[in-house]
Amino acid sequence: MTTQAEQPDRTSGGPDSPIERLELLAGDDEAIAAFLDQLDVTSPREREMMGELARTAALARPERFDADHKRAVGALETLRRHGFHGSRAASTAVGPFRTFVRWLIELVARYIVVSYTRSVSIGLRNLYWLRELEAPDGSPEMKLLRAARFDAQAMTEVFKSREIGVPSFVFAGLLIPLGASVWRLANGFRFSSWWVALLVGSAGVAIGLALSWIVLRGTAMASRRIRLAAREPVAAVWESVGQCGRPPKDQSRKFAAVAIVLTIAAWIVMPALVALALAT
């Protein structure tokens, strides 16, 4: 029989693997950090990965998990209902076209909100499913995760409607005038007079600025309502599960970047292309 003195010291250099060592050190953040330094794990992503491997429980906060889960479900329901309706951005700025412009703004917001709720519901389902597989059979954590996974599967069905092809509408508005100008240059096209070139350039600038204005306001509305309704409850679920990365993000930054590109194209690229076409 092996005595306690003869057993290998598994916390200070025994023959265990790194994963086994991390599991033994679970819960002691300073000991885990010291061990990772010994392994020369310096990349933030690698340290995060090894920290996740150190977990020994399927849920970090089982006592709060059910309440956090139900709160997130309610937040996503409310966001899906109100997240892209009722824009006031075009109340007076565009006169008789405000109804159509408001519809376009809400179309952009709809794309961002619908894609966000769908990605979160899929992320929740996959996360719950994997942790359910990790949980000990018959444990309270497995029962909590299984019930939550059924809810998440139902949410994926509820939230699976399409976002509508807003990116196609946005990029078409940018690429059509740019493509037309490039085609004219490539084929040696010359404007018949300066006022025609000015008219074409002004139309391109107006289209680009209008699309940029619409995309920015739709993005702002969707981002604000996602923050108000769902971001904190969804983050709380990820904290209750624990060691599972970060919640899905919405596409607000991507759409803001598109709006900036549209503005640059409207103010710089389109006039430059028209000037080149006029000069040749």
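For the structure itself, look to the data block above.
Since the structure is predicted, the reported quantities are computational estimates derived from the model, not experimental observations.

Draft legend 1. Here's a closer look at the overall build of the protein. In terms of regular secondary structure, the protein is built from nine helices and zero strands. A buried classification covers 38% of the 280 residues belonging to the protein. Pairs at least 24 residues apart make up 78% of the contacts formed inside the protein by residues separated by at least 6 positions. Of the roughly 16000 Å² that the protein leaves accessible, carbon and sulfur atoms contribute 60%.

Draft legend 2. Quick peek at the nonpolar core. Leu-76, Tyr-116, Leu-124, Tyr-128 and Val-241 are the most contacted members of the largest nonpolar core, which totals 45 residues. Sorting the residues of this core by element identifies helix H4 (62–82), helix H5 (98–134), helix H6 (140–158), helix H8 (194–241) and helix H9 (252–279) as the ones contributing at least two each. Top element by residues in this core is H5. It accounts for 14 residues. If near-sequence neighbours (up to four positions away) are discounted, Val-241 is found in contact with Ala-58, Leu-59, Ala-60, Phe-65, Leu-127, Tyr-128 and Arg-131.

Draft legend 3. Structural detail: a nonpolar patch on the surface. On the surface, a nonpolar cluster with roughly 330 Å² of combined accessible area is contributed by Trp-129, Leu-130 and Leu-133. Here Leu-130 is to be found in helix H5.

Draft legend 4. Local environment of the pattern of salt bridges. Scanning all chains against the criterion turns up eleven salt bridges. With its nearest N and O atoms 4.0 Å apart, the salt bridge here joins Lys-70 to Asp-66. Of this pair, Lys-70 and Asp-66 both sit in helix H4, four residues apart, which is roughly one turn of that helix. Three or more residues are tied together by salt bridges with common partners; here these are Arg-61, Arg-64, Asp-68 and Glu-239.

Draft legend 5. Highlighting the side chain of Ser-252. Checked against the element boundaries, Ser-252 lands in helix H9. Among the residues examined, Ser-252 registers a relative accessible area of 8% and is labelled buried. A polar contact of 2.4 Å, which involves the side chain of Ser-252, links it to the side chain of Asp-250.

Draft legend 6. Just the packing of H4 against H6, in detail. It is the contact of H4 with H6, at a shortest axis distance of 10 Å, that shows an interaxial angle of 10°. Between H4 and H6, the crossing angle belongs to the class labelled roughly parallel. Only Glu-141, Leu-144, Leu-145, Ala-148, Asp-151, Met-155 and Val-158 of H6 make contact with H4, whose side of the interface consists of Pro-62, Phe-65, Asp-66, His-69, Val-73, Leu-76 and Arg-80. Grouping the constituent residues of the contact of H4 with H6 by class yields nine nonpolar, one polar and four charged.

Draft legend 7. Seen up close, the side chain of Glu-106. Note that Glu-106 resides in helix H5. Beyond its immediate chain neighbours, meaning those up to four positions away, Glu-106 contacts Phe-84, His-85, Gly-86, Ser-87 and Met-221.

Draft legend 8. Spatial organisation of the packing of aromatic side chains. Considering all chains together, one arrives at three aromatic pairs under this definition. Ring centres 6.1 Å apart and planes at 25° place the aromatic pair Phe-100 and Trp-103 in the stacked group. One end of the pair, Phe-100, and the other, Trp-103, are both in helix H5, three residues apart, so they sit about a helical turn from each other. On the accessibility criterion, Trp-103 (48% relative accessible area) is partly exposed. Residues Tyr-111 and Phe-255 carry aromatic rings whose centres are separated by 5.4 Å and whose planes lie at 45° to one another, so their mutual orientation is tilted.

Draft legend 9. Broad picture of the environment of Val-258. The topology assignment puts Val-258 in helix H9. For the pair Val-258 and Ser-212, spaced 46 residues apart in sequence, the C-alpha separation works out to 7.8 Å.

Draft legend 10. Quick peek at H6. Compared with the 27 Å implied by 1.5 Å per residue over 19 residues, the 28 Å span of H6 between its first and last C-alpha is a close match. Among the residues of H6, Met-142, Leu-145, Ala-148, Arg-149, Ala-152, Met-155 and Thr-156 are the ones counted as buried. Within H6, the buried residues cover an arc of 135° as seen down the axis, which keeps them to one side. Along H6, exposed side chains directed more than 90 degrees from the buried face belong to Pro-140, Lys-143 and Val-158. Residues of H6 that are buried make contact with H4 and H5.

Rules used throughout
- Residue numbers run consecutively from 1 along every chain, following the written order of its sequence.
- Local features in this predicted model are restricted to residues whose pLDDT is 70 or higher, and side-chain atom pairs enter the listing and the counts only when it is 80 or higher, whereas totals over whole chains, interfaces and linings include all residues.
- In computing side-chain values, all of the structure's heavy atoms are included and hydrogens and water are not.
- Helix and strand definitions follow DSSP, with helices as H or I runs of at least four residues and strands as E runs of at least two, each counted in order from the N terminus.
- The classification of residues rests on relative accessible area computed with a 1.4 Å probe and restricted to protein chains. Under 20% of the type maximum is buried, over 50% is exposed, and intermediate values are partly exposed.
- Should any heavy atoms of two residues lie within 4.5 Å, those residues are counted as being in contact.
- With residues, only the protein chains shown are counted as cover, and all accessible areas are computed by Shrake-Rupley using a 1.4 Å probe.
- Here, nonpolar core refers to any group of buried Ala, Val, Leu, Ile, Met, Phe, Trp, Tyr and Cys residues whose side-chain atoms link them within 4.5 Å.
- Put simply, a patch holds well-exposed residues, over 30% relative accessible area, that have no salt bridge, with like charges counted together within 9 Å and Val, Leu, Ile, Met, Phe, Trp or Tyr side chains within 5 Å.
- Salt bridge, as used here, is a side-chain nitrogen of Lys or Arg placed within 4 Å of a carboxyl oxygen of Asp or Glu.
- Here a polar contact means two N or O atoms within 3.5 Å. Within protein one must be a hydrogen donor candidate and the other an acceptor candidate, and residues neighboring in sequence count only if both atoms are side-chain atoms.
- Angular values range over 0 to 180 degrees, each being the angle between N-to-C directions of two axes fitted as lines to C-alpha atoms, with helices fitted over their stretch in contact.
- Angle categories are assigned with fixed cut-offs, so that under 35 degrees is roughly parallel, over 145 is roughly antiparallel, 65 to 115 is roughly perpendicular, and the rest are oblique.
- Residues are sorted three ways: Asp, Glu, Lys and Arg are charged, Ala, Val, Leu, Ile, Met, Phe, Trp, Tyr, Cys and Pro are nonpolar, and all the rest, Gly among them, are polar.
- Pairing of aromatic rings covers Phe, Tyr and Trp, the last through its six-membered ring, and needs centres within 6.5 Å; plane angles under 30 degrees mean stacked, over 60 mean edge-to-face, and all others mean tilted.
- Given a helix with a known number of residues, its expected span is that number minus one, times 1.5 Å.
- The arc in question is the one traced by the directions running from the helix axis out to the C-beta atoms.

Any functional reading would require information that these geometric values do not contain.
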